[in-house]
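A structural walkthrough
Listed below, chain by chain, are the residues.
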Amino acid sequence: MKRKKPTLAVWKFASCDGCQLTLLDCEDELLAVAGQVEIANFMEASRAVMGGPYDLSLVEGSITTPHDAKRIQEVRKQSKFLVTIGACATSGGIQALRNFRDIKEMTKVVYARPDYIDTLATSTPIASHVTVDFELRGCPIDKRQLIEVLTAFLLGKRPGIPTHSVCQECKIRGNVCVMVAHQTPCLGPITHAGCGALCPSYNRGCYGCFGPKETPNVEKLGTWLQDHGAKNADVIRSLQTFNVWSEPFREGVAKLNPKVELKK
């Protein structure tokens, strides 16, 4: 009897599609993966859709509307395992900057008829709404890490994704520390590894694309940056990017700017 292939579904919520494109960019690796799974739902790649339940769901994007808050519940019910991919799905994304403002005032400024806009006051990660089995960080995610996650699923093990900081990736590549050598502001000490220290390799500071590493000392880094000439506003701005609503980064913003009132 022929063994049934596990089914894979890929879902999009509020996002730019960059993480789904990373999956498509796997090219040869994707062909090998496709041979081991049944791609049941992946609108970025095919209009063909199979009904659930699904063995594995990859979810890109944050929850920003009441409709999506209900839809993610349905996705969770249909999925044996659910993995979130990218900064939007794991921390709310760049769109979580709305969480620091009055969304009603913002829609009045942007839209001629804001009464037609049905949106939530916040942009939140998938884990704020349903149980998530694994989070893969990045903006966008790293192709090698994605293949590791898919391979681990097929083998029935937990993905071997590193939890150290970008600083360790710099050491592996033999980079000179941009903070020490050039006084360049860099989020590498508090940022999750995954990019291969891309920006520091070109003498630029890390932008925190992969979100906070485990137990990051955001306040201490902020103090160091200010002691070396960075303005408080610049430190706050550096945290308010792709992963601004991750708990360590948003609390760091609140400590640096006491006027910030964090939404629940």
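Residues numbered from 1 in each chain as written. Predicted model: local features only at pLDDT ≥ 70, side-chain atom pairs only at ≥ 80, totals over all residues. Heavy atoms only, no water.

1. Looking at helix α9 (residues 218-227)
To keep things clear, this is the line we draw: Classification of residues uses two cut-offs on accessible area relative to the type maximum, computed with a 1.4 Å probe and protein chains only: under 20% is buried, over 50% is exposed, and between them is partly exposed. Only runs of H or I of at least four residues qualify as helices and only runs of E of at least two qualify as strands under DSSP, and these elements are numbered from the N terminus. The arc in question is the one spanned by the directions pointing from the helix axis to the C-beta atoms. Here, two residues are considered to be in contact whenever any of their heavy atoms come within 4.5 Å of each other.
Along α9, the positions that sit buried rather than exposed are V218, L221, G222 and L225. Seen end-on, α9 carries its buried residues on one side only, within an arc spanning 100 degrees. Exposed positions of α9 whose direction lies more than 90 degrees from the buried face are K220 and D227. The inward-facing, buried residues of α9 contact α8 (178-182), α10 (232-239) and α11 (247-256). One or two positions beyond α9, positive phi appears at G229, with a value near 105 degrees.

2. Looking at the pattern of salt bridges
Condition: Every case where a carboxyl oxygen of Asp or Glu lies within 4 Å of a side-chain nitrogen of Lys or Arg is listed as a salt bridge.
Across all of its chains, the model carries 11 salt bridges by this definition. Taking the shortest distance from any N to any O, the salt bridge between R137 and E135 comes out at 3.4 Å. On the basis of relative accessibility, which here comes to 18%, the residue R137 falls in the buried class. Classification of E135 by relative accessible area gives partly exposed; the value is 28%. Residue D142 pairs with R144 through a salt bridge whose shortest N-O separation is 3.0 Å.

3. Focus on helix α3 (residues 66-78)
Condition: Here the expected span of a helix is defined as 1.5 Å times the quantity of residues minus one.
With 13 residues, α3 extends 19 Å from end C-alpha to end C-alpha; this agrees with the ideal 18 Å at 1.5 Å per step. Check the buried side of α3 and you find it contacts β1 (7-12), β3 (54-60) and β4 (79-85).

4. A look at the nonpolar core
Put simply, the test is: Grouping buried Ala, Val, Leu, Ile, Met, Phe, Trp, Tyr and Cys residues that are joined through side-chain atoms within 4.5 Å yields what is termed a nonpolar core.
Ranked by size, the top nonpolar core spans 23 residues in total, and within it M179, L187, I190, L221, L225 and L239 carry the most contacts. Secondary-structure elements contributing two or more residues to this core are α7 (166-173), α8, α9, α10 and α11. When residues no more than four places from it in sequence are discounted, the contact partners of L221 are M179, C186, L187, P189 and I190. Counting 21 residues, the second largest nonpolar core, distinct from the first, contains L23, L30, L136 and L150.

5. Structural notes on the packing of α9 against α11
We count it as follows: Axis angles are defined between N-to-C directions and span 0 to 180 degrees, where every axis is a line fitted to C-alpha atoms and, for a helix, only to the segment in contact. Angular relationships are summarised with four words: roughly parallel below 35 degrees, roughly antiparallel beyond 145, roughly perpendicular across 65 to 115, and oblique for the angles in between. Handedness of a helix crossing follows the sense of rotation of the near helix relative to the far helix, less than a right angle counterclockwise being left-handed and clockwise being right-handed. We call Asp, Glu, Lys and Arg charged. Ala, Val, Leu, Ile, Met, Phe, Trp, Tyr, Cys and Pro are nonpolar, and the rest, Gly among them, are polar.
Viewed as axis vectors pointing N to C, α9 and α11 meet at an angle of 50 degrees, and their least axial separation amounts to 9 Å. With respect to their mutual orientation, α9 and α11 come out oblique. Where α9 crosses over α11, the two elements pack in a sense that is right-handed. Contacts between α9 and α11 involve V218, E219 and Q226 from the first element and P248, F249, G252, K255 and L256 from the second. Looking at side-chain class alone, the contact of α9 with α11 contains four nonpolar, two polar and two charged residues.

6. Topic: the sheet that holds strand β5 (residues 134-136)
Where we set the bar: One bridge is not enough; two strands pair if DSSP finds at least two bridges between them.
Read across the open sheet, the five strands follow the order β2-β1-β3-β4-β5; overall the sheet is parallel. Among the strands making up the open sheet, the edge pair consists of β2 (38-42) and β5. Going across the sheet, the axis of each strand differs from the next one's by a mean of 20 degrees, ignoring polarity. Packing against the sheet, α3 makes contact with β1, β3 and β4, and its axis sits at approximately 130 degrees to β4. The strands touched by helix α6 (residues 143-155) within the sheet are β3, β4 and β5, with β3 carrying the most contacts at an inclination of about 160 degrees.

7. Some details on unusual backbone geometry
Residue G52 is joined to P53 through a cis peptide bond whose omega torsion reads 5 degrees. Residue position: P53 is located in the loop between β2 and β3. The omega torsion of the bond from C139 to P140 falls at 0 degrees, within 30 degrees of zero and hence cis. The residue P140 is located in the loop between β5 and α6 in this model. Of note in the backbone geometry, D17 takes a positive phi value of approximately 80 degrees without being a glycine. Structurally, D17 can be placed in the loop between β1 and α1 (18-24). Overall, the relative accessible area of 16% leaves D17 in the buried class. Of note in the backbone geometry, Q183 takes a positive phi value of approximately 60 degrees without being a glycine. You can see Q183 is positioned in the loop between α8 and α9. What makes Q183 partly exposed here is its relative accessible area of 38%.

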